[in-house]
Each structure stands twice: as C-alpha cells, then as structure tokens.
Amino acid sequence: MLKVYNTLSQKKEIFKPRKARKVNLFVCGPTVYDFSHIGHARTYIVFDMIAKYLKQKGYRVYYLQNITDVDDKIINRAIEEKIFWKDLSRKFEKEYLKDMKALNITSVTKYARATDHIREIISQIERLLKKGYAYQIKDGIYYDISKFKDYGKLSKRTALMAEDAVSRIDEAKEKRNKGDFCLWKFVRPEWQKSGKKFLRIPSWPSPWGAGRPGWHIEDTAITEKYFGSQYDIHGGARDLIFPHHEAEICQMEAISGKKPMVKYWLHTGFLTVKGQKMAKSLGNFITIKDFLKKHSARHYTKQSYGVGARILRFFVLKTHYRSPIDYSEKEIGQVKSQLERIDEFLDKLQSRIGTNVTTNNTNRISEISAQIREYLRAFEKAMDDDFNTPRAMALVFHLISRGNYLFDKEKITPADAREILKFLRKIDKVFNFIFFGERVALKIPSFIKKMVKEREEARKKGDWKLADEIRRKIQWMGYKIEDTKEGPKIKKI
Ligand code: AMP
C-alpha cells in the first residue's frame, strides 16, 4: 500500500487517487529564459521516477507540466540581449525539452505553455473579480489575500507573515495587503510604441486592458483546463510552497468553492552546493548540458540516454526526494564507481547467459531465483514508503554482493542470470540508470595483448613467478587482468 508525505497535512498518508486507477499529476515547469541546471534536473528526475513507479503499480498517469514562457525574467533577459522575448523563450524551451530527453524523462504526458492559455487565464481572473477576491489598481489586477480565509494552510504562514514574503511577490504601492499578488499586469502603452522589436513587451487584449498574466494564475488556468478544479498530485521543489503554491490554492478554491484543489502536495528538497541552493541567481550552477558533456563516455554502445544521464539519475535517486543533496565532484566520483560495479555485474550476467554452465545445485529453483521474489517484495515495500529510493537502491547492491558471492562459488546458472536480469530490468523501468546494452570493448593495444598471451603461456607451464611479473608489468601500464572461466579479461584501470 503506497504512502506519500503530504505537505498539506504534514503527514504520510495512504495514497488513494480521486478516481480508482487514474492519477492526475501536475508539476511546475521551468521559466524558460536560460539553460536549465542540475538543480532543476533533480526535481524533474524525481517526478519522472514517481510517475514511472505509479505506472508500474498499474495507475493510468496523466502528467501535466506547464512552461512559463512569459515572465519578467524572460522580458528582462530579452531586453538585455536585444532579442525578441518570444525568440528567447522558444529557444530555451527547446533546450529544456532536449535536456529532458537526454535525461530519459519520458513520463510527461503534456507540456502546456502559459501563452497558449491566455483565454483560460482571463476567464479565471473574471471569475475572481466577480466573486470579490480580486481588485483592479493602476498597474493591474490583484488578488486580495485577506478575502480567502484559508490563506496559509499549505505553507503554515499567516497573511501577516506574507508581509515578509520571500520570492516573486509583486510590488505595487496601491495594493490592499502587502501579500497580495498580481493576476494581470497592464502593459504601458508608451512601451508598445517603440519601433524596436526586442523592446516589444508581450501583451494580450483583455476586458480590463492590454497586459500579461501574473505568474501564479497560469498554473491554475492550465490545470483547470486539463483536470478540472480538483486533482490528485501537485509537485515542485520546496521553494515553491510559498508564495506560489499557496497562491494557486487561493485562486482555484476561491473560484470553484471546492476543496481541496489538490489531494496530495509533494515537494522535493534542493540540490545544494556547499550547503547553498543551486540557483541561476547565485551563479553556483552547472547546466545539465555541461554535466552531460563532461560525463560522456565512449565505451558504451548507444542507449536512448547516455552515461552522464545515468550518473545524474543515480546521484539524484540515491537520496530521498525530500532531503537536500549536496553536489560535489567527490560524490560524483563515488557514483561512477558504484555504476561501474553495476556494469561489471551486468557483464557477468550477460556472459553467463551465453554459456551452458551447470552447477552442482540439484534443486529445481536455485537459491538466487527464490530470493529474487523477496527482493521484489522488498523493492515495492521501500518504494511504497513515500518513494524511498535509497532503500530500494541498497537492495540492488545487496543483490550484487550476493550474486558475486554465488558467481565465485559457481552457483549461478544461465537461468539464474536471466532471472536476476529480469528483476533489474523491472526496477530500472523506474530508475533508468542500469545499462543493459553491450559495452563496447576498449581498444587494447597489441603489446598488452601480447603480454597477456605470454602470461597465459607461463601459467600453463606452471611458471607462477613469471606470470606474476608479467601481470605486474601490465598493471603498471594501466591495465588489469581478470581471470574468468572464459579466459583472461583485460580492463583499463
Ligand atoms: P524555475 O525555472 O526556477 O521556476 O524552476 C523550475 C523548477 O525547478 C521548480 O520546481 C524549482 O523549484 C526547481 N528547482 C530550482 N532550483 C532547484 C534546486 N537547486 N534544487 C531542486 N529543485 C530546484
């Protein structure tokens, strides 16, 4: 039975979607004015894992994500770079989607742009004005937070505390309350007169005058269109709890009169660098693109995603999604060696399948095949406990230790190897960091091959001293020999 931690109740709750086997999931998408960094990747890898696990459990998941393609950050950057705002936002939207593909984030059903939903946004603002939750001032339409009595129920902040609002609170002198936020921002006609395209501020006609939507309203307009006024899961990183998600509740519940707008609120912890949130504004970021470029490797055959994606996915999922992750080169180095361990185990399994090795095991079901069922149960138990990926991943390494031990004892048959691979394939449908393709053999220089041959001959003659000496020389040149049942294997150290 799946349990999830709900930010709204601050408790783990049994997961029961509104409609039996259907899950409507919405996650706040990016503001597209720059390349995405690996902090963004953390949040999107987590929700990809969550959507894939829900699918594995038999739910039909509709995963919706918005793209904020109109925003002050976009306008300011476009003016800075002297390009038209739409050219800028389309360019970075494309880059974002490319990054998601490279990370094998394939679970999103629909990406919905804010600017494709202006009609829905205007309709929501009209309803808020009609119900008395919104008011008009000189620079736009604002939401009056004092009118919504449940204000603060998600973030546990009061309207008064909103006075010290932290991020993206809209400033306007005539606002009724300091925490009031903008729903529609009027565009000043004098801006529009400029002949320069890059200075053209985005605007759309509305019953109150030309303008553009505020940040919070795009999400509820989009979710209302695809899901209606109530749905199952809303996600994002924890910085969005306040004011963004609080504002979404104010908007949607005021419009519909129904609550809760969202049954389960899930929030990810930050990816940090030396304890500080990775953020564009702090300049401490690594773009997804740079990360993937740095960690590409040639000794793998093509899989739909590369080795950099595997490293990043492993790095993200080895920590529970609600805890912070501190990024460091050292950590990434550890991830690489853990992945190498998985790869080596996979190599052994794949080559065992190709043989007809028999063991002295007389039982019909071998030891490891019987244990696989236990591993599967333990995997589900860990994942059902609020998506406890670190516990689930520990099982993989437990299985590898056990498997290696049984390989040494010559107790793994081709059927066992197939059984283990089947299990790993199943869990990797959710994780996507195990490599099942064939690893292309590294080019081994011919002089090394010759030395390996000489060592084999020495071993055959029983000249262990010479064999050891050759092995040491080979090692000194950067290669290691592993003696296997199928003969010596050479690897680059
Ligand atoms: P933005 O484009 O800044 O609106 O961010 C898009 C998504 O990525 C939001 O859910 C953010 O909360 C999330 N995000 C941004 N920075 C980080 C970080 N350092 N760690 C985890 N998630 C982040």
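Rules used throughout
- Residues numbered from 1 in each chain as written.
- Predicted model: local features only at pLDDT ≥ 70, side-chain atom pairs only at ≥ 80, totals over all residues.
- Heavy atoms only, no water.
- Helix = DSSP H or I, 4+ residues; strand = E, 2+ residues; numbered from the N terminus.
- Expected span 1.5 Å × (residues − 1).
- Buried < 20%, exposed > 50% of the residue type's maximum accessible area, 1.4 Å probe, protein only.
- Axes fitted to C-alpha atoms, helices over the stretch in contact; angles between N-to-C directions.
- Parallel < 35°, antiparallel > 145°, perpendicular 65-115°, else oblique.
- Left-handed = near helix turned anticlockwise from the far one by under 90°.
- Contact = heavy atoms within 4.5 Å.
- Nonpolar A, V, L, I, M, F, W, Y, C, P; charged D, E, K, R; others polar.
- Patch = residues over 30% accessible without salt bridge, like charges linked within 9 Å, V, L, I, M, F, W, Y side chains within 5 Å.
- Areas by Shrake-Rupley, 256 points an atom, 1.4 Å probe, with all protein chains shown as cover.
- Salt bridge = Lys/Arg side-chain N within 4 Å of Asp/Glu carboxyl O.
- Pairing = 2+ DSSP bridges.
- Right-handed = clockwise from strand over helix to strand, strands pointing away.
- Near = heavy atom within 4 Å.
- Polar contact = N/O pair within 3.5 Å; in protein donor to acceptor, adjacent residues only side chain to side chain.

J.: Please explain helix α7 (residues 241–256) as it appears in this structure.
T.: Structurally, the α-helix is built with 3.6 residues per turn, so residues lying three or four positions apart point the same way. Its 16 residues give α7 an end-to-end C-alpha distance of 21 Å, which sits within 8% of 22 Å, the value for a rise of 1.5 Å per residue. In terms of burial, α7 is a largely internal element, 15 of the 16 residues being buried.

J.: How should I be thinking about the packing of helix α14 (residues 446–461) against helix α15 (residues 464–476) in this particular structure?
T.: To characterise two packed helices, one gives the angle between the axes of the helices and the distance between these axes. As a packed pair, α14 and α15 sit with axes 8 Å apart at the nearest point and diverge in direction by 160°. Relative to α15, the element α14 is oriented roughly antiparallel. The two elements α14 and α15 meet at a crossing, and its hand is left-handed. Contacts from I448, M451, V452, E454, R455, A458 and R459 in α14 reach W464, L466, A467, I470, R471, K473 and I474 in α15. Looking at side-chain class alone, the contact of α14 with α15 contains nine nonpolar, no polar and five charged residues.

J.: Honestly, a nonpolar patch on the surface in this entry has me stumped. Any pointers?
T.: Taken together, the side chains of F447, W476 and M477 present a nonpolar region at the surface, about 400 Å² in accessible area. Mapped onto the fold, F447 is located in helix α14. The exposure class of F447 is partly exposed, given its relative accessible area of 45%.

J.: Looking at this model, I keep getting lost on the sheet that holds strand β12 (residues 271–273). Mind explaining?
T.: Picture the strands of a sheet paired through backbone hydrogen bonds; they go either parallel or antiparallel. Ordered in space as β13-β12-β14, the three strands form an open sheet in which the pairing is mixed. In this open sheet, the two edge strands, each paired with only one partner strand, are β13 (276–277) and β14 (325–327).

J.: Just to check I follow, could you spell out the pattern of salt bridges for this structure?
T.: As a working rule, side chains carrying opposite charge can pair if their charged atoms are close by. According to the stated counting rule, one finds 36 salt bridges in the structure shown. In this structure, K259 and D150 form a salt bridge, with 3.1 Å as the shortest nitrogen-oxygen distance. Residue K259 is found in the loop between α7 and β11 (262–268), and its partner D150 is found in the loop between β7 (140–143) and β8 (181–186); the two are separated by 109 residues along the sequence. Two residues, D343 and R310, come together in a salt bridge whose shortest N-O distance is 2.9 Å. Residue D343 is found in helix α10 (residues 329–353), and its partner R310 is found in helix α9 (residues 307–317); the two are separated by 33 residues along the sequence. For the pair formed by D343 and R310, the shared burial category is buried. One salt-bridge network, held together by shared partners, links R455, E456, R459, R471 and D483.

J.: Can you walk me through the pairing of strand β4 (residues 60–67) in this structure?
T.: Of all eight residues that make up β4, six are buried, and the element is covered over most of its length. Both strand β3 (residues 22–27) and β4 contribute to a ladder of six bridges, which runs parallel. Looking at β4, one finds that F26 is bridged to L64. With helix α1 (residues 38–56) bridging β3 and its parallel neighbour β4, the resulting β-α-β unit is right-handed. Where β4 and strand β5 (residues 110–113) come together, four bridges link them in parallel fashion. Its bridge partner being in β5, L64 is matched across the sheet by K110.

J.: Is there a simple way to think about the site of the ligand in this case?
T.: In the vicinity of the ligand there are 18 residues, among which T43, A237, D239, L271 and M278 approach most closely. Take T31: an N or O atom from its main chain is 3.1 Å from an oxygen atom of the ligand. A distance of 2.7 Å is found between a nitrogen atom of the ligand and a side-chain nitrogen or oxygen belonging to T43. Protein coverage of the free-state accessible area of the ligand, which is 490 Å², stands at 94%. Elements represented by at least two residues in the shell around the ligand include exactly α1 and β10 (231–237). The leading source of residues in the shell around the ligand is α1, at four residues. The residue makeup of the shell around the ligand, split by class, is seven nonpolar, eight polar and three charged.

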